[in-house]
Amino acid sequence: MSLILKHYNFPSRELAEKTGIALGSVSNILKELEESHYLLKTRNKRVLKNQDEIIERWVIAYNELLKPRTFKRKKCGL
């Protein structure tokens, strides 16, 4: 997430290349940020608002959704 926040103003394809995230995922992330009113598009650039809040929401979601899935996969693999 920090890579996307750092390079959010790059074109989607370049952002995908720099972060190693699939182009479709980058597009989905940017779309979600726009729909949540964190990312505003102007004629020439994107403007990211409330980065601290975005990071806070990501940490909560990671701990509630992604971390348990990862733990479950590791546990089942043992």
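Residues numbered from 1 in each chain as written. Predicted model: local features only at pLDDT ≥ 70, side-chain atom pairs only at ≥ 80, totals over all residues. Heavy atoms only, no water.

Some words on the overall build of the protein chain
- Regarding its fold elements, the protein chain presents four helices and two strands.
- Of the regular secondary structure in the protein chain, the N- to C-terminal order runs α-α-α-β-β-α.
- Per-residue burial for the protein chain yields a buried fraction of 19% across its 78 residues.
- If you take every contact in the protein chain between residues at least 6 apart in sequence, the share linking residues at least 24 apart comes to 27%.
- About 6,300 Å² of surface is accessible on the protein chain, with carbon and sulfur atoms providing 52% of the total. (Helix = DSSP H or I, 4+ residues; strand = E, 2+ residues; numbered from the N terminus. Buried < 20%, exposed > 50% of the residue type's maximum accessible area, 1.4 Å probe, protein only. Contact = heavy atoms within 4.5 Å. Areas by Shrake-Rupley, 256 points an atom, 1.4 Å probe, with all protein chains shown as cover.)

With respect to the side chain of Thr19
- Residue position: Thr19 is located in helix H2 (residues 12–19).
- A relative accessible area of 13% places Thr19 in the buried class.
- Polar contacts involving the side chain of Thr19 include one to the main-chain carbonyl oxygen of Leu15, which spans 2.8 Å.
- Those residues in contact with Thr19 that lie beyond four places of it in its chain are Leu3, Ile4 and Val26. (Polar contact = N/O pair within 3.5 Å; in protein donor to acceptor, adjacent residues only side chain to side chain.)

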